Each structure stands twice: as structure tokens, then as C-alpha cells.
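A closer look at the structure
Here's the letter readout for the chains.
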Amino acid sequence: MSWYRYDGTNNLVLTLHIQTGAKITEAVGLLRGALKIRLAAAPVEGKANSTLIKFLAVQFDVPNGQVRLKQGGKSRHKVIVIHRSVHDPRVLFNIG
């Protein structure tokens, strides 16, 4: 299973494993079929999800509104949809 795929309308779908409370927000590698991302935010009142969306929007050079949390709002395991991404995720995160 790959950590990313494209859906039927060519939107990028990411499978992520989130670690909160890190010193910096960064993508760190693959973990059990998901991309592990460390977030410099606590999982309180949606702060971690908001930080994740902003981080991905910057990485993929899209507005925050084009990054949508599809699954896992209160879980470490999340599925994110990025609408109309023109970047290849393997290049951005420098992992296989």
C-alpha cells in the first residue's frame, strides 16, 4: 500500500501518521504504509489538524482551502485530500 494515490478526479490523497508535540513540523519518512509527519502543535481544540493543513498547503503550494481532512479528525492516522495539486509528493518529501 502506498502512502499516496490519486482519486478519480485527479486529486491527491495522502495517508498520514501524525506525531504531535514535536519541536518543528516536518515530514520524516514512511511508517507502515503512511507518511509520518511530526507536528509542532498539541492535539487540543483542532490545533494539530490546523497546523497539518497549513503545512501541507505550503508544501504543495495551494491555498489552505484546497487541503481537506477526509478521515481521522481525532486520530493519529489521517487521510488528506489535496485538490488540484501540481506537485509530486515523493519529490516534496524526498522519500521513496
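Residues numbered from 1 in each chain as written. Predicted model: local features only at pLDDT ≥ 70, side-chain atom pairs only at ≥ 80, totals over all residues. Heavy atoms only, no water.

Each helix and strand in the protein was counted, giving two helices and six strands. Mapped from its N terminus to its C terminus, the protein presents α and β elements in the order β-β-β-β-α-β-β-α. The C-alpha atoms of the protein give a radius of gyration of 12 Å, which matches the 12 Å a tight globule of 96 residues would have. With the principal axes as the frame, the protein shows a C-alpha extent of 35 × 25 × 20 Å. In the protein, of all internal contacts separated by at least 6 residues, the share reaching a separation of at least 24 is 44%. Only carbon and sulfur atoms are counted for the fraction: they give 51% of the accessible area of the protein, which is about 5,600 Å². (Helix = DSSP H or I, 4+ residues; strand = E, 2+ residues; numbered from the N terminus. Rg over C-alpha atoms; globule rule 2.2 N^0.38 Å. Contact = heavy atoms within 4.5 Å. Areas by Shrake-Rupley, 256 points an atom, 1.4 Å probe, with all protein chains shown as cover.)

On to the pattern of salt bridges, then. For the coordinates displayed, the defined rule picks out one salt bridge. A salt bridge links Glu26 to Arg38; the shortest N-O distance between them is 3.3 Å. Remark: Arg38 occurs in strand S4 (residues 34–38) and Glu26 occurs in strand S3 (residues 26–31); sequence separation between them is 12 residues. (Salt bridge = Lys/Arg side-chain N within 4 Å of Asp/Glu carboxyl O.)

The next point concerns the packing of aromatic side chains. For the structure on display, the rule yields two aromatic pairs. Plain terms: the ring middles of Trp3 and Tyr4 are 5.0 Å apart, the flat faces sit at 65° to each other, and that makes the pair edge-to-face. Of the two residues, Trp3 and Tyr4, neither departs from the other in class, the shared state being buried. Clustering of aromatic rings is evident, with ring pairs tying together Trp3, Tyr4 and Tyr6. (Phe/Tyr/Trp six-rings, centres within 6.5 Å; stacked < 30°, edge-to-face > 60°. Buried < 20%, exposed > 50% of the residue type's maximum accessible area, 1.4 Å probe, protein only.)

The next subject is the environment of Asp88. Position of Asp88 among the secondary structure elements: in the loop between strand S6 (77–82) and helix H2 (89–93). Classification of Asp88 as partly exposed rests on a relative accessible area of 27%. Remark: the alpha-carbon pair of Asp88 and Arg38, spanning 50 residues in sequence, is separated by 20 Å.

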